[in-house]
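Structure at a glance
What follows is the residue order along each chain.
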Amino acid sequence: MTWQVLVHGPLARLDERVSRALVDTVPRPLSDLASDLGNVSVALPVLGCAMAYAVWRGRWRAALCAGLAMAAVPLLVIPLKVWTGRPGPLEAWAHGYYPSGHTATAMVAYFGAAFLVSNRLVPVAAVLTAVTGTGLVLRGYHWPLDVLASLCLGLWILAVSSSCTNRSSSRTPTG
C-alpha cells in the first residue's frame, strides 16, 4: 500500500478517484464531528481516564503499556508522513497526509481504553475508530488509503502493546 502511494501506482490513483466521489456526500458539520473523534484533545482524555481506572484496579503495567502505545503513534506516523509526502485531497499544496494520524490516534486510544476497562467495550472502540476514519474521508481531510494504512499501523501498535501487557501479566503470580 505504501509503495503504491510512493510511486502513485494504480491503487493510489483508484484511491483518489474514490475519494473525489465521496467527499462532501454528507453535511460538513457531520463529517467534521466524526473526524474530530481522532483529535488528541478528544481521544487522549478517554485513554487517560481508562489508564487511571486501570491503575486504581492495580493494573499499572497494562496502563503503562497503553500509554506507551499511544506515545508510539506520533513516533511512527510523523516519519511516515515526512517520507511519503503525500498531498491532501483538498489541499494539493500541503504534504504529509499518509498515514492519518487522527485515525491511528483514535484506534490506539479507544481500543486501548476498551482493553483497560472491559473487553465488552471493544465494539464501541471499533465504531468510534470507523466513524473517525469515515469522517476524515467524507470531509476530504484524508484519502481512503491514508485511513487504511493507519488502521494497519494501529493494529500493529495494539498487538505489540497487548503482547507487552500479556508478558508482564504472565510474570505476575496469581493468588
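Refer to the preceding data block for the structure.
Residues numbered from 1 in each chain as written. Predicted model: local features only at pLDDT ≥ 70, side-chain atom pairs only at ≥ 80, totals over all residues. Heavy atoms only, no water.

1. A few points about the overall build of the protein chain
We count it as follows: Helix and strand definitions follow DSSP, with helices as H or I runs of at least four residues and strands as E runs of at least two, each counted in order from the N terminus. Values of the radius of gyration come from C-alpha atoms, whereas the globule rule sets the reference at 2.2 Å times the count of residues to the power 0.38. Between buried and exposed lies partly exposed: a residue is buried under 20% and exposed over 50% of the maximum accessible area for its type, with that area taken using a 1.4 Å probe on protein chains only. Residues count as neighbours in contact if any of their non-hydrogen atoms are within 4.5 Å of one another. Accessible surface area values rest on a Shrake-Rupley calculation with a 1.4 Å probe, where residue burial reflects the displayed protein chains alone. In summary, the charge assignment counts Lys and Arg as positive and Asp and Glu as negative, without counting His or the chain termini. For this purpose, a charge sits on NZ of Lys, CZ of Arg, CG of Asp or CD of Glu.
Across its full length, the protein chain holds eight helices and zero strands. Going residue by residue from the N terminus, the α and β elements of the protein chain occur as α-α-α-α-α-α-α-α. Taking 2.2 N^0.38 as the reference for a compact globule, 175 residues should give roughly 16 Å; the C-alpha atoms of the protein chain span a radius of gyration of 17 Å, in line with that estimate. Put simply, the protein chain has 175 residues, and 42% of those count as buried. Long-range pairs, those at least 24 residues apart, make up 73% of the contacts in the protein chain with a sequence separation of at least 6. Split by element, the accessible area of the protein chain, about 9,300 Å² in all, is 70% carbon and sulfur. Each charge class in the protein chain can be summarised by its mean position, and for the 13 positive and 7 negative side chains these summaries are 16 Å apart.

2. A look at the side chain of Glu 16
Assignment of secondary structure puts Glu 16 in helix α2 (residues 10–22). The contact partners of Glu 16, leaving out residues within four places of it in the chain, are His 8, Arg 86 and Trp 143.

3. Details of unusual backbone geometry
That bond from Tyr 98 to Pro 99 is cis: its omega, -5°, falls within 30 degrees of zero. Phi at His 8 is positive, roughly 50°, even though this residue is not glycine. Here His 8 lies in the loop between α1 (2–7) and α2. For His 8, a relative accessible area of 35% corresponds to the partly exposed category. Residues other than glycine seldom take positive phi values, yet Asp 24 does so here, at roughly 65°. Relative to the assigned elements, Asp 24 resides in the loop between α2 and α3 (28–36). For Asp 24, a relative accessible area of 36% translates into the label partly exposed.

4. Considerations on the nonpolar core
Quick note on the threshold: What is meant by a nonpolar core is a set of buried Ala, Val, Leu, Ile, Met, Phe, Trp, Tyr and Cys residues, joined one to another through side-chain atoms within 4.5 Å.
Formed by 25 residues in total, the largest nonpolar core has its most connected members in Leu 47, Met 70, Val 73, Val 108, Leu 116 and Ile 157. Those elements giving two or more residues to this core turn out to be α4 (40–56), α5 (60–84), α6 (101–117) and α8 (144–171). No other element matches α6, which puts 10 residues into this core. Not counting chain neighbours up to four residues away, the residues in contact with Ile 157 comprise Ala 69, Val 73, Leu 76 and Val 108.

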